[in-house]
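Chain by chain, the residues run as shown.
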Amino acid sequence: MPDVKFVDPDRITFGISHFTHNLPGKVGLQYLREWDFGHYNSMSSQVAIDGFNLIYKFLDLEECMVQNRLSQARRGLLERIESYSKKKKKQTFHIFFDGKKEVGSEVFQETFGKLNVYFSRDRKADDLIKEFVRTNVRPSEIQVVSSDKEIFFHAKKWGAHPITSEEFAAIVTAEIFPPKPEADADEFKDKKLNSEELEYWKNLFRKGR
């Protein structure tokens, strides 16, 4: 079992599961038993995504943001990543958004399907992503999605693998909206009509006269 840690309750920790209990006489402090993400990295890679940075790489979601339809844009992004994640079952996805989920909300973490979603509330999502990488026991198994230079270089510094939001958006789009195969011209090039097909076209041309 993992060690029990004595931590300040205001410190944000990222864990797969944890149990807390208040200690008598120690108001505001907790013992936190935490499974670090690193315990699971051997089984699946982690993908940390700069949510709003990625939203602007999809034209329709960018339009939602321009029209101040924040919730719709955010949901649209999560739906796309959720669809993509179904094709990448060995990866665990973490999406970080700036600010609060909605006015007055104090939600910090929730799930969307199998996605882990975080709201920075009074902090910056950039700081949460950096902390996520820095505190992970195996940062080399984390892929960081952001075009923010500071986040990008921070990821490289800690041995994580950054990818720009533009590149990731293109990958997601190709996976969930694959292009339709074009008809092969050679397939029809030497094709000969049978007697029934010939008769059909003859009758069609006669009617058109």
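What you are looking at is a predicted structure, and each value in this text was computed from that prediction instead of being measured.

Explain helix 3 (residues 59-66) here, please?
In an α-helix there are 3.6 residues to a turn, and that puts residues three or four apart on one side. The set of residues buried in helix 3 consists of Leu 61, Cys 64 and Met 65. For helix 3, the arc enclosing every buried residue in end-on projection is 100°, short of the 170-degree limit, so these residues lie on one face. Opposite the packed face of helix 3, turned more than 90 degrees from it, sit the exposed residues Leu 59 and Val 66. Summarising the contacts, the buried residues of helix 3 are in contact with helix 2 (51-55) and helix 4 (70-85). Where helix 3 ends, the next residue or the one after it, Asn 68, has phi of about 65°, a positive value.

How do you make sense of the environment of Asp 148 when you look at a structure like this?
With respect to the helices and strands, the residue Asp 148 is situated in the loop between strand 8 (142-145) and helix 6 (149-157). Take Asp 148: its relative accessible area is 23%, and that puts it in the partly exposed class. For the pair Asp 148 and Asp 50, spaced 98 residues apart in the sequence, the C-alpha separation amounts to 8.6 Å. Residues within four places of Asp 148 in sequence aside, it is in contact with Asp 50, Asn 53 and Asp 126.

Just checking my understanding: could you explain the pairing of strand 7 (residues 115-119) for this structure?
Along any regular strand, the residues point their side chains to alternate faces of the sheet. By the criterion of burial, strand 7 is predominantly enclosed, with five of the five residues buried. Side-chain alternation along strand 7 places Leu 115, Val 117 and Phe 119 on one buried face and Asn 116 and Tyr 118 on a second face that is also buried. Strand direction decides the pairing type here: strand 5 (residues 91-97) and strand 7, joined by four bridges, are parallel. In the sheet register, Ile 95 faces strand 7, and the bridge partner there is Val 117. The sheet contact formed by strand 6 (residues 109-112) and strand 7 spans four bridges and is antiparallel. Note that in strand 7 the partner of Gln 109 across the bridge is Tyr 118. Taking the residues that link successive antiparallel strands as the turn, the strand 6-strand 7 hairpin has two residues, and the phi of Gly 113 there is positive, at about 65°.

Please clarify how the nonpolar core should be interpreted in this entry.
It is characteristic of soluble globular proteins that their nonpolar side chains tend to be buried jointly. Ranked by size, the top nonpolar core spans 27 residues in total, and within it Ile 49, Phe 93, Phe 97 and Phe 168 carry the most contacts. Of all the elements in the fold, those that place two or more residues in this core are strand 4 (45-50), helix 2, helix 3, helix 4, strand 5, strand 7 and helix 7 (165-176). For this core, the element with the highest residue contribution is helix 4, accounting for five residues. Setting aside chain neighbours within four positions, we find Phe 168 in contact with Ile 49, Leu 54, Tyr 84, Phe 93, Gln 143, Val 145 and Ile 163.

Looking at this structure, I do not really get the packing of helix 4 against helix 7. What am I missing?
Packed helix pairs are characterised by how far apart their axes lie and by the angle those axes make with each other. Contact geometry of helix 4 with helix 7 gives a least axis separation of 9 Å together with a crossing angle of 65°. When the axes of helix 4 and helix 7 are compared, the pair comes out roughly perpendicular. Read as a crossing pair, helix 4 and helix 7 show a hand that is left-handed. Residue-level contacts link Arg 80, Ser 83 and Tyr 84 of helix 4 to Phe 168, Ile 171, Val 172, Glu 175 and Ile 176 of helix 7. Partitioned by chemical class, the residues of the contact of helix 4 with helix 7 number five nonpolar, one polar and two charged.

The rules we used
Residues numbered from 1 in each chain as written. Predicted model: local features only at pLDDT ≥ 70, side-chain atom pairs only at ≥ 80, totals over all residues. Heavy atoms only, no water. Buried < 20%, exposed > 50% of the residue type's maximum accessible area, 1.4 Å probe, protein only. Helix = DSSP H or I, 4+ residues; strand = E, 2+ residues; numbered from the N terminus. Arc of directions from axis to C-beta. Contact = heavy atoms within 4.5 Å. Pairing = 2+ DSSP bridges. Core = buried A, V, L, I, M, F, W, Y, C linked by side-chain atoms within 4.5 Å. Axes fitted to C-alpha atoms, helices over the stretch in contact; angles between N-to-C directions. Parallel < 35°, antiparallel > 145°, perpendicular 65-115°, else oblique. Left-handed = near helix turned anticlockwise from the far one by under 90°. Nonpolar A, V, L, I, M, F, W, Y, C, P; charged D, E, K, R; others polar.

Read these as layout, nothing more, since geometry by itself doesn't imply function.
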